[in-house]
Amino acid sequence: MRRLAPVTLVLCAGCASYDAPGGPAPLGALAAGVAPALELVQPAPGVPVRVSHVRIQAADYESLTAQPVAAGRFSVAPDAIDREALQPLLQWPLVAEAEPLRAALLPTELDSLDDLRLAAAKSLADVLLVYTVDTRFEAEGRSVEPLDDVPLGAEAGADARIVSTASAVLVDVRTGYPYGTARGSARLVDIADAWSSASALDRRRLDAERQALAALVADAERLWDAVAGQSGFSRTDDASPTHAR
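Since this is a predicted model, take the numbers as computed values, not measurements.

What about the overall build of the protein?
- Helices and strands together make up the secondary structure of the protein, namely 5 helices and 10 strands.
- Buried residues in the protein amount to 49% of all 245 residues.
- The contacts of the protein with a sequence gap of at least 6 include a subset with a gap of at least 24, amounting to 76%.
- About 11,400 Å² of surface is accessible on the protein, with carbon and sulfur atoms providing 52% of the total.

Okay, structure coming up:
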């Protein structure tokens, strides 16, 4: 059962509300369990490079457009917007394929990033991009917690905004070598009209997450360019990527 936030009781007792999506996965704690880069030999992925990407969220995550396909310490919860948002990965230097991690390859219980690496290895991926999204609703100076109710109506949305932050870690599938982290954020303001209905508010939530993911992918590309450069990789006309189906 969803918790009822204090802000809902104050502003909108007995009226319509929107179910806020669940929270992000503890990516920082999960990444901290990966061996430090200094303890590992930097790998040289085979060329062309195959990339898998996977969205993880809190273990109890749910939203109007996504449900977990696997769970444990965290959940794998792909959303409809994710594939399009991550299409630019195909333009990275020497990347031939960039596909979502397939749910059928996941273990029944998710405990660490190693579980995701094993699933990526089964799909013959070289590099794994693990990301999570933290989207918050702010109204009347208060932040609504994940899975709480967001009050609807003109009064509740008068001073409202949506803040979305996407975070990622890029790791080598075979060795677990952490190439680095990336981050992207978006903030939507002047959106009082979206507080009229749950469907309208959720559309704006997805808008915020698209923008956050676009910023994340741009930051991750800068990271990958640095990795490719250190490995002697470069963008060349004779190394154009083969797009995944």
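Structural notes on the confidence of the model for the protein
- Residues at a pLDDT of 70 or more form 81% of the protein, whose mean pLDDT is 85.
- For the stretch residues 1–14, pLDDT sits under 50, and the model shows 29 contacts to residues farther than four places along the chain or on other chains.

Some thoughts on the side chain of Arg117
- Along the chain, Arg117 falls in helix 4 (residues 113–122).
- Residue classification places Arg117 among the buried residues on the basis of a relative accessible area of 17%.

Things to note about unusual backbone geometry
- With a phi close to 65°, Leu94 is a non-glycine residue in the positive phi region.
- Overall, Leu94 belongs to the buried group, its relative accessible area being 14%.
- Located in the positive-phi region is Leu147, a residue other than glycine, with phi close to 70°.
- Of note, Leu147 is situated in the loop between strand 7 (142–144) and strand 8 (149–151).

What to know about the pairing of strand 9 (residues 161–172)
- Here strand 9 lies mainly inside the structure; 11 of its 12 residues are buried.
- Bridge count between strand 6 (residues 127–139) and strand 9: 12 bridges; the pairing is antiparallel. Bridge pairing links Phe137 to Ile162 in strand 9.
- Of the strand pairs in this sheet, strand 9 and strand 10 (residues 178–188) are connected by 10 bridges, and their pairing is antiparallel. Of the residues in strand 10, the one forming a bridge with Leu170 is Gly180.

A closer look at the environment of Trp92
- Looking at the secondary structure, you find Trp92 in the loop between helix 3 (82–85) and strand 5 (95–100).
- Owing to a relative accessible area of 1%, Trp92 belongs among the buried residues under this scheme.

As for the nonpolar core
- The biggest cluster of nonpolar side chains holds 31 residues, and the ones touching the most others in it are Leu89, Leu213 and Trp224.
- If you list the elements that add at least two residues to this core, you get strand 2 (49–57), strand 5, strand 6, strand 9, strand 10 and helix 5 (198–230).
- The next biggest cluster of nonpolar side chains, apart from the first, holds 22 residues, and it includes Phe74, Leu105, Leu116 and Val171.

Examining the pattern of salt bridges
- Tallied over the entire structure, the rule returns 16 salt bridges.
- For the salt bridge of Arg83 with Glu99, the shortest nitrogen-to-oxygen distance reads 3.3 Å. On the criterion of sequence distance, the pair formed by Arg83 in helix 3 and Glu99 in strand 5 is long-range, its members being 16 residues apart.
- With relative accessibility at 43%, the residue Arg83 sits in the partly exposed group.
- Overall, the relative accessible area of 22% leaves Glu99 in the partly exposed class.

Parameters and conventions
Residues numbered from 1 in each chain as written. Predicted model: local features only at pLDDT ≥ 70, side-chain atom pairs only at ≥ 80, totals over all residues. Heavy atoms only, no water. Helix = DSSP H or I, 4+ residues; strand = E, 2+ residues; numbered from the N terminus. Buried < 20%, exposed > 50% of the residue type's maximum accessible area, 1.4 Å probe, protein only. Contact = heavy atoms within 4.5 Å. Areas by Shrake-Rupley, 256 points an atom, 1.4 Å probe, with all protein chains shown as cover. pLDDT = per-residue confidence, 0-100. Pairing = 2+ DSSP bridges. Core = buried A, V, L, I, M, F, W, Y, C linked by side-chain atoms within 4.5 Å. Salt bridge = Lys/Arg side-chain N within 4 Å of Asp/Glu carboxyl O.

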